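# Analysis of the macromolecular model
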Amino acid sequence: MLLHRRIYQFLIIYAIGLTCLLLIKYGLNLSDYVIPGPVDIWHTGTEEFERYFFDVLNTLAVAVVGQVISIFIALLVGIAGRQATWFGSFIKVAAYNVQAYPIVAIAPIIFILLGDGLLTRLLIAAMICYFPVLLSVIGIMAEPVVDIEHFYRVTGRMRWQLEVKIRAFENLNKLTTVIVGSATLAMAGTIVAEFIAANAGIGYSIRVALYQSNLAKILVALFLIGITLSVYQGLLELTGYLVKKSWAGR
Amino acid sequence: MDAGNRRKNSSIKKFITLLLTTIFWIGLTQSGAADELITYRLKWLFNTSVVGDLFADSHHLFTQEGLTVTIKEGGPERDAIRELELGRAQFGVASADQVIRALSKGAEVVVIAQFFQVNPLQWMYRPDKIKINRLADLKGQVLGVTFGGNDETILRSLLAKAGLTEADVKLFSVRYDYTPFIQKIVNFWPVYRNTQAVFLGEKLRGSGDVFAFFNPADYGVRFVANSLVTSKEMIESRPQMVHKFTAALLRGWQAAMDPVNANQAIETLRRYDKDSSVETLQQELAITRSLVQPDAAIPIGFIDTASWKQTEQIMVTQGLVSTPVHVEKVLREIPQQ
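Right, let's walk through the structure included here. Just so you know, these numbers come straight off a predicted model, no measurement behind them.

The extent of an interface is frequently quoted as the accessible surface area lost upon association of the parts. With 17 residues of chain A in contact, the opposing surface of chain B contributes 19 residues. For the side of chain A that touches chain B, the secondary-structure elements that each account for two or more residues are helix 4 (103-114) and helix 9 (202-211) of chain A. A total of four residues in the side of chain A that touches chain B trace back to one element, the largest contributor, which is helix 9 of chain A. Split by residue class, the side of chain A that touches chain B holds 10 nonpolar, four polar and three charged.

The subject of this paragraph is the sheet that holds strand 4 (residues 109-114) of chain B. Residues and elements named next belong to chain B. Strand order in this open sheet of five strands is 2-1-3-10-4, and the pairing throughout is mixed. Strands with a single pairing partner mark the edges of an open sheet, and in this sheet they are strand 2 (67-72) and strand 4. If you compare each strand with its neighbour and ignore which way they point, the axes differ by 30 degrees on average. Examined bridge by bridge, strand 4 and strand 10 (residues 226-231) share five bridges and lie antiparallel to one another. The residue bridging Val109 from the neighbouring strand is Ser231, located in strand 10.

The strands making up a sheet associate through hydrogen bonds between their backbones, and the pairing can be parallel or antiparallel. Residues and elements named next belong to chain B. Across the sheet, which stays open at both edges, the three strands sit in the order 8-5-9 with antiparallel pairing between neighbours. Only two strands of the sheet have a single neighbouring strand rather than two, namely strand 8 (188-192) and strand 9 (212-214). Strand after strand, the sheet turns through a mean of 40 degrees between neighbouring axes, direction not considered. The pairing of strand 5 (residues 121-125) with strand 9 spans three bridges and is classified as antiparallel.

This paragraph deals with the pairing of strand 7 (residues 170-173) of chain B. Residue and element names in this part refer to chain B. In this structure, strand 6 (residues 142-145) lies alongside strand 7, joined through four bridges in parallel fashion. For Leu143, the partnering residue across the bridge sits in strand 7 and is Leu171. For the crossover from strand 6 across helix 6 (residues 150-161) to strand 7, the handedness is right-handed.

This part is about the nonpolar core. Of all hydrophobic cores here, the largest spans 148 residues; its most connected members are Ala125 of chain A together with Ile81, Val99, Leu103, Val109 and Val229 of chain B. Residue contributions to this core peak at 14 residues, all from helix 5 (residues 118-141) of chain A. With near-sequence residues (within four places) excluded, Ile81 of chain B lies in contact with Tyr33 of chain A together with Gly92, Ala94, Gln98, Ala102, Ala107, Val109 and Val229 of chain B.

Attention now moves to the packing of helix 2 (residues 51-58) of chain B against helix 10 (residues 239-257) of chain B. Residues and elements named next belong to chain B. Following both chains from N to C, one finds helix 2 and helix 10 inclined at 110 degrees, their axes separated by 7 Å at the closest point. Our classification of the angle between helix 2 and helix 10 gives roughly perpendicular. Residues Val51, Gly52, Asp53, Phe55 and Ala56 of helix 2 pack against Ala248, Leu249, Arg251, Gly252, Trp253, Ala255, Ala256 and Met257 of helix 10. Its residues assigned to classes, the contact of helix 2 with helix 10 shows nine nonpolar, two polar and two charged.

Looking now at unusual backbone geometry. Residue and element names in this part refer to chain A. Phi angles above zero are rare outside glycine, and Asn29 is one such case at about 55 degrees. Although it is not a glycine, Ser213 sits at a positive phi angle of roughly 50 degrees. Tracing the chain through its elements places Ser213 in the loop between helix 9 and helix 10 (215-249). Residue Ser213 is classed as buried on the basis of its C-beta count, with 20 C-beta atoms lying within 10 Å.

Conventions used here
Residue numbers run consecutively from 1 along every chain, following the written order of its sequence. Just so you know, chain letters begin at A and ligand numbers begin at 1, following the order they were written in. Since the coordinates come from a predicted model, pLDDT governs what is reported: local features require at least 70, and pairs of side-chain atoms require 80 or more to be given and counted, while whole-chain, interface and lining totals use all residues. Residue pairs are scored as contacts if the distance between their C-beta atoms, which are placed from the backbone, is within 7 Å. Runs of H or I in DSSP of at least four residues are treated as helices and runs of E of at least two as strands, each being numbered from the N terminus. Under the convention adopted here, Pro, Cys and the residues Ala, Val, Leu, Ile, Met, Phe, Trp and Tyr are nonpolar, Asp, Glu, Lys and Arg are charged, and Gly plus all remaining residues are polar. Two strands pair if DSSP finds at least two bridges between them. To get an axis, fit a line to the C-alpha atoms, keeping to the stretch in contact for a helix; angles then go from 0 to 180 degrees between the N-to-C directions. Crossover handedness is defined by viewing with both strands directed away from the observer: a clockwise path from the first strand over the helix to the second marks the crossover as right-handed. Any nonpolar core is a set of buried residues, restricted to Ala, Val, Leu, Ile, Met, Phe, Trp, Tyr and Cys, that join up through C-beta atoms within 7 Å. Neighbour counting defines burial: a residue surrounded by 20 or more other C-beta atoms within 10 Å of its own C-beta is buried, one with 12 or fewer is exposed, and intermediate counts give partly exposed, using backbone-placed C-beta atoms. Throughout, the term roughly parallel applies to angles under 35 degrees, roughly antiparallel to angles over 145, roughly perpendicular to angles from 65 to 115, and oblique to all others.

Next up, the structure:
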């Protein structure tokens, strides 16, 4: 149900966007070079669909791994930084500072160090994606669930693992929303990395299309990125729902 | 009630008077302005490749023609032809492949001058690693190429000419970073001969490396580079303005390319490019001169129709445009006074 809704909502958004573009095209009498016509987009779509589809899957695979890494790092940093200790504060400051540098400035350095392969894409995707996750994790983990935690504290049974579990469970909806949202950032991060420093993926194909001034190819790529991301986000939401159901059922 | 109507009528009269005064004032100030406002979109950033454009602007050659010109930098995400069509620019710089692609998609663009008679896009290579006496010598080599870029089209054309396929060579995807070339992972690297090649050459010389240039034109591939473009509507509806602009611009190029004005040209460039040393700019200017006017008998801005036709032919052969666009029909060189 969630998956279904995600897909048709994307299709509506894409259709609105495309219609607006075509209205501008015909309203201003622009050539296919500025904004491609429906026939041009359709032809390009049929010609490039297969290649771009596998490019998007390639990008998605990197984005998923990058997202998992970033969630893992964000959880580690968030859990370590949840306490109001010097170390907790240091972790937070370090995490904020790393994020302060724009990725386009850091990317060339990563590119020189790691080359234009998978590692560069992965690292940039993880870097773009992890900060919002981190902020949410810190926010959630630093906020005590007083009613429940109080009992364990006064009985002397509170351990840090239990504290993390309580806070995660009580905020599972928020965490799911953050993880679903971070999927978009992971995908965007991977595309940026491919655009700057890769020889594969849809970001790389978009760069080539841009060199060729081919907006029709870019529109086809955007469609495939959107639909793939919608499916992935729908699946993440579904997973979150199933996890919550399973935890609550215990 | 009457008093109310009178007040209302009085307000309307005041509003109309104010409106007419404003329109009159705008009309007066506009008609009083001698200069025509023009936006000129370049293809790339301010560097030696646009020295003539900058020279014309900084030496008030446009103003002398009664034109107020704003020169805007280009970049990978900018496209002068799109801006012409959207009315955001009146003139622009576009490469031949952009013009041909635009024509194939129905854009009404006209070429009025060609800046480079020799394409600055060439390859830098290490002759101690690769011996190139004929095109077939490229076989088995690792060749740097920007996928989707002009150099890919040119290189594929060269390979076809040599009877080689992609399987006979190894194509290496090139970015803005020169590390693979400096580290000798790739020994055949695309560069703009008059800009990138100068500082890259300085770097290589510093490390004792020997290098040479591979010019596709030497092997019969004459792919046209940057040209001055405008819209068909502009040239038909305002031919005088097009003429004035082109004349001023080409005067700027002629002056900038004249060795007598070398110091002035360098001075102009230094205003826009503060990072490059005077020595570097001098080298860049000298090479630019040899690419813009390799033969004194050929005037600056000359449109080489044969090369344009060959460029189109290459693009048709490689399937970059589906059908011929007959590019020669939009080549309209403006006669110089």
